[in-house]
Amino acid sequence: MHNIIGSKFKGHCRQLFAAITVNLVTFSFGIYTGWSSTVSPILKNSTLTPLDHGQVLTENSISWACSWGMLSAILGTFFWGMLADNYGRKTTGFLTMLPYLVSWIILLVVKTETALMVARFLGGMGASGAAINCPMYVGEVSEESMKAGLGSLFILMYNIGVLYVYVFGVKVNYDFLNVACLAISVLFMVVWWYVPESPIFLIQKNRMDEARRSLMWFRGKDNDKEVSEEMDSLMRHSDQTTKATLADYKKRGTVKALLIGLVFQAGTQFSGINIILMYTVEIFNKSGSTMSPHSCTILVGVVQVIGSAIASCTVHRAGRKFFLMATYAVTAMALITIGSCFYANKVDSTINTGMLPVLSLSVHVIAFSLGLGMVPYIIYTEVFPANVRNICMSMLMFFNNVLGFVIIKAYPSMSDALHISGYFWLFGGVCLAVVPFTYLFVPETKDKTYDEIRRQLLLWFPDRRHNDKVAEVAKAEKAAAVDQVDGGNVVVVEASEMKVCMGKDQSCFSTPQHARDSVK
């Protein structure tokens, strides 16, 4: 009993270590996002600017500095998923941190507007890589009981990164700020060497011995017999051992999961989180509050971290749908309130909104951390089959980054056209619209097996009234489907639990290739 408890604790510690380590990339993503908020005011000040020859940036240049990252992230979505599929999650982890490493070095060495824009462009590539690779890796190495908690580290580490750069941005000068950012990239490059590759990726590449050793490490076991049952379970699922075909992407469950993901990514961008994190100081300046903008910025960062820490401890206790609907509704109310503060200041600039802007943004970032910024990424690992997950995640990140670029780049002009109050009211209206969508279309995934989730995805409205229909679907799936491949030399018998490939000599194998080899 003592050995069982000891190995379980060791396995949990190793999974936590791996999740924290891979999310140092996410930490750098947060640093990258918050960097512009603390640096923008001095880049526009002729006496404080760190650029050569006293060069200052215009509002248009600042908007480009904020949005370049989204533009490069769009390019990144075309290859990060393929890199993860072909070269592994670990190699991809190194490559996602590399753009950050190079960008901080550029900012330290070359102090021109062009160099700054290049650095911001490079950092965006790392952002899309982090959003694709980090949740996928954590989902694949975590036990079911730890999946939600470790999955929530993505938003927690992101928020800590934002707070990290907020604090350093206020306390140190421009050069020391960039050194502090560079230190995180260097730390990751060292520590990541000691973390094993994902066992699921190794199984997909038919590297079974390495997969078994990796699984033993993550589960804290000393011999392969102790992980044989889980190893067999991973190998049984055809979507984890076979390459996806076009038909896999056309399945109703995959199409609906992709639709859900597109709506959630739109909700994330229209929550205004990037505008808030990149323009925090400026927002407080325009809100009519008499508090120090830098103090408010740090306070919001602290509240955001606290919110995501609470989320890490509570996300597994309530349903995913509850978290999403509640936090979307609260986020909408917070955005409408902060928009009203802007409007009041527009009508009468002498109005003192006091603590209301700080409270509204604090409620916003807590709600974002608890639900809409984190839970969708947990759901993605649960609703997408492993063989299509990378490409589908890349599609979602592409859409997310295109929309993010448009929203961030349009912020100065739209603030003039609609006034900043109208822009925030628009954000609030979109978030409010996501609430009924979540209730009607999104299946509850908490404590559900993959097969149960997949059956729910076959229904457009997965509520209780359709339990009989779900049962019919489940019954139909239990009837095995039989196919012949390789000219009839191999028979494939597939049910919902497993796929068995039988050669002509009636020997059974887990893949068609092994069955073909037996025929030869």
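Residues numbered from 1 in each chain as written. Predicted model: local features only at pLDDT ≥ 70, side-chain atom pairs only at ≥ 80, totals over all residues. Heavy atoms only, no water.

**Remarks on the packing of aromatic side chains**
Then step 1. Applying the stated rule across the entire model yields 25 aromatic pairs.
Then step 2. Taking the centre distance of 5.0 Å and the plane angle of 50° together, the rings of Phe 94 and Trp 193 count as tilted. With Phe 94 in helix H5 (residues 89-109) and Trp 193 in the loop between helix H9 (174-191) and helix H10 (199-204), this pair connects stretches of sequence that are 99 residues apart.
Then step 3. Ring geometry for Phe 424 versus Phe 427: centroids 5.9 Å apart, planes at 65°, classification edge-to-face. Residue Phe 424 and its partner Phe 427 are located together in helix H21 (residues 386-441), separated by 3 residues, close to a single helical turn.
Then step 4. You can call Phe 427 buried: its relative accessible area is 0%.
Then step 5. Members of the aromatic cluster, each reached through a chain of ring pairs, are Phe 94, Tyr 137, Phe 188, Trp 192, Trp 193, Trp 217 and Phe 218.
Then step 6. Looking at Arg 120, its charged tip hangs above the ring of Tyr 32, at a distance of 3.9 Å from the centre.
Then step 7. Here Lys 321 stacks its cationic end above the ring of Tyr 439, 5.5 Å away from the centre of that ring. (Phe/Tyr/Trp six-rings, centres within 6.5 Å; stacked < 30°, edge-to-face > 60°. Helix = DSSP H or I, 4+ residues; strand = E, 2+ residues; numbered from the N terminus. Buried < 20%, exposed > 50% of the residue type's maximum accessible area, 1.4 Å probe, protein only. Lys NZ or Arg CZ within 6 Å of the ring centre and 35° of its normal.)

**A look at the side chain of Asp 248**
Then step 1. If you trace the backbone, Asp 248 turns up in helix H13 (residues 246-250).
Then step 2. Residues in contact with Asp 248, not counting those within four places in the same chain, are Lys 243, Thr 254, Asn 387 and Val 388. (Contact = heavy atoms within 4.5 Å.)

**What about H21?**
Three or four residues apart is the spacing at which side chains of an α-helix point the same way, because the helix has 3.6 residues per turn.
Then step 1. Taking 1.5 Å per residue as the helical rise, H21 with its 56 residues ought to reach 82 Å, whereas the 22 Å between its terminal C-alpha atoms falls clearly short.
Then step 2. For H21, the principal kink sits at Leu 418 and spans about 100°. (Expected span 1.5 Å × (residues − 1). Bend = angle between axes of the 7 residues up to and from the residue.)

**Observations concerning the packing of helix H20 (residues 375-383) against H21**
Packed helix pairs are characterised by how far apart their axes lie and by the angle those axes make with each other.
Then step 1. Contact geometry for H20 and H21: axes closest at 10 Å, N-to-C directions at 150°. Once H20 is placed against H21, the crossing between them reads as right-handed. Between H20, through Tyr 377, Tyr 380 and Thr 381, and H21, the contact on the second element is made entirely by Arg 389, Met 393, Leu 396 and Met 397.
Then step 2. Considered class by class, the residues forming the contact of H20 with H21 number 5 nonpolar, 1 polar and 1 charged. (Axes fitted to C-alpha atoms, helices over the stretch in contact; angles between N-to-C directions. Left-handed = near helix turned anticlockwise from the far one by under 90°. Nonpolar A, V, L, I, M, F, W, Y, C, P; charged D, E, K, R; others polar.)

**Considerations on the confidence of the model for the chain**
Note: predicted coordinates in regions of low pLDDT should not be interpreted at a detailed level.
Then step 1. Taken over all residues, the pLDDT of the chain has a mean of 81, while the share at 70 or more is 84%.
Then step 2. Within the chain, no element has a lower average pLDDT than strand S1 (residues 481-485), which sits at 45, and none a higher one than H9, at 95.
Then step 3. For the stretch residues 477-498, pLDDT sits under 50, and the model shows 48 contacts to residues farther than four places along the chain or on other chains. (pLDDT = per-residue confidence, 0-100.)

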